[in-house]
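Single-letter residue listing:
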Amino acid sequence: MAKHPDTDLVPYLRGELPPAERERVERHLAECPDCRQDTELLRELLEQVARSIGPPPDVNWARYRAELREKLEARRARRAWWWRPVPMALSASVAGVLLLVAVWTGYQMTGGEPITPDQASLGSELGLLQEYRVVEQLDLLEDLDVIGNLDGLDAGRPS
Amino acid sequence: MEPSDEALCERVARRDEAAFDLLVSRYQERAYRLAWSMLRNSEDARDVSQEAFIRLFEAAGSFGGRSKFSTWFYRILVNLCLDHKRKNRWWKLWARDDGDERGEPLLERQPAPVTDPVEKLNAERTMKDLGVAVDRLAPRQRAAVLLRVQEDMATYDIARVLKCSEATVRVHLHRALATLKKTMEKR
């Protein structure tokens, strides 16, 4: 007998299996009394679970919508506040200080040389390090155009 | 003709407030019910479902129409519920007495009236035990079960809401129901 279609039974009961799968499950059920019994139990259990959840407590929907509207307005107001000049300047200053701290920490960790913006930009392009074997022989790390066209170089590489 | 959810969402992306109000009216009960089923607390359910609508308003522009609006919105809502549960796990464990608001008469959940008082009591206990067992499922398993039994969602849609494969959803459902079955057998 084929493997029991345990995980197919819920979709089967909902009638959502594609025809071929449905036929396979039906063939199995015709041969397997255990699975037939499981299917019936499952049908009953699903109905019981639905009943056990029950309805939620009543809600005053007009008040619900009014609250939602207030929350939405409050969220917009908060957003708008952040776009005013003072908070913007404040957050820009905080971001600046954080950047300085990050650069200084990087400086300390690398033993002296802070990461320059160019290096940072280069770093962001370094997905190309998948081609590291090629790159390490080029000694052209500063020329991003060359690196960006590694596929072209590949063709010209001596075999 | 009534505009589709997807058309309304496009209008919300252009900051059409009337379209937003209409979407809220269409989805408020479903959103609140699902949030309540997952969180078992009416205040939390209200807050989280309202937050889902706020996110909808803010992110309507990113709804690409690749999926149904309902699937996209449920994803926002379910993620918020899962986050809420994760954040409040330890606090709730410490503070809970019974853990939820199952205070309403359990018999009201029965579809048919049961006349025998012993049967009534048994039925009530069954419902309560099952409800507690659902609450104790792993969060994603519980979400899958609720989307299936409460929202009658197809596996394909549940997978899109939970951002996983259909096979994973089938496994979630199978494991969750196996756990629930065991719980009921132990009674």
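Positions within a chain are numbered from 1, following the residues in the order the chain's sequence is written. The lettering of chains begins at A and the numbering of ligands begins at 1, in the order of writing. Given that this is a predicted model, residues contribute local features only at a pLDDT of at least 70 and side-chain atom pairs are listed and counted only at 80 or more, while totals for whole chains, interfaces and linings are drawn from all residues. Just so you know, side-chain values use all the structure's heavy atoms and leave hydrogens and water out.

*Asks:* Can you walk me through the environment of N79 of chain B in this structure?
*Replies:* Topologically, N79 of chain B is positioned in helix α4 (residues 69–95). Residues N79 of chain B and V161 of chain B lie 82 residues apart in sequence; the distance between their C-alpha atoms is 8.6 Å. Where helices and strands are cited, they refer to DSSP runs of H or I of at least four residues and of E of at least two residues respectively, numbered from the N terminus.

*Asks:* What is the right way to look at the packing of aromatic side chains in this model?
*Replies:* We describe a pair of aromatic rings using the distance from one ring centre to the other and the angle between the two ring planes. Residue and element names in this part refer to chain B. A pair of aromatic rings is counted whenever rings of Phe, Tyr or Trp (Trp by its six-membered ring) have centres within 6.5 Å, and the orientation is called stacked for planes under 30 degrees apart, edge-to-face for over 60 and tilted otherwise. Here the structure, examined in full by the defined rule, presents eleven aromatic pairs over all chains. With a centroid separation of 5.0 Å and an interplanar angle of 75 degrees, the aromatic rings of F20 and F57 are classed as edge-to-face. Note that F20 is positioned in helix α2 (residues 17–39) and F57 in helix α3 (residues 42–59), a separation of 37 residues in sequence. Each member of the pair, F20 as well as F57, is classed as buried. Ring plane angle 5 degrees and centroid distance 5.9 Å describe the contact between F69 and F73, whose orientation is recorded as stacked. Of this pair, F69 and F73 both sit in helix α4, four residues apart, which is roughly one turn of the helix. Type-normalised accessible area, obtained with a 1.4 Å probe on protein chains alone, sets the label of each residue: buried when under 20%, exposed when over 50%, and partly exposed for intermediate values.

*Asks:* In this structure, what is going on with the pattern of salt bridges? I would like to understand it.
*Replies:* In a structure, side chains of opposite charge can pair up when their charged atoms sit close to one another. Salt bridges are identified by distance alone: a Lys or Arg side-chain nitrogen within 4 Å of an Asp or Glu carboxyl oxygen. For the coordinates displayed, the defined rule picks out 27 salt bridges over all chains. In this structure, R170 of chain B engages D8 of chain A in a salt bridge whose closest nitrogen and oxygen atoms are separated by 2.7 Å. Taken together, the residues span two chains, with R170 of chain B in helix α8 (residues 166–186) and D8 of chain A in the segment before α1 (9–14). Accessibility assignment for this pair places R170 of chain B and D8 of chain A in one class, buried.

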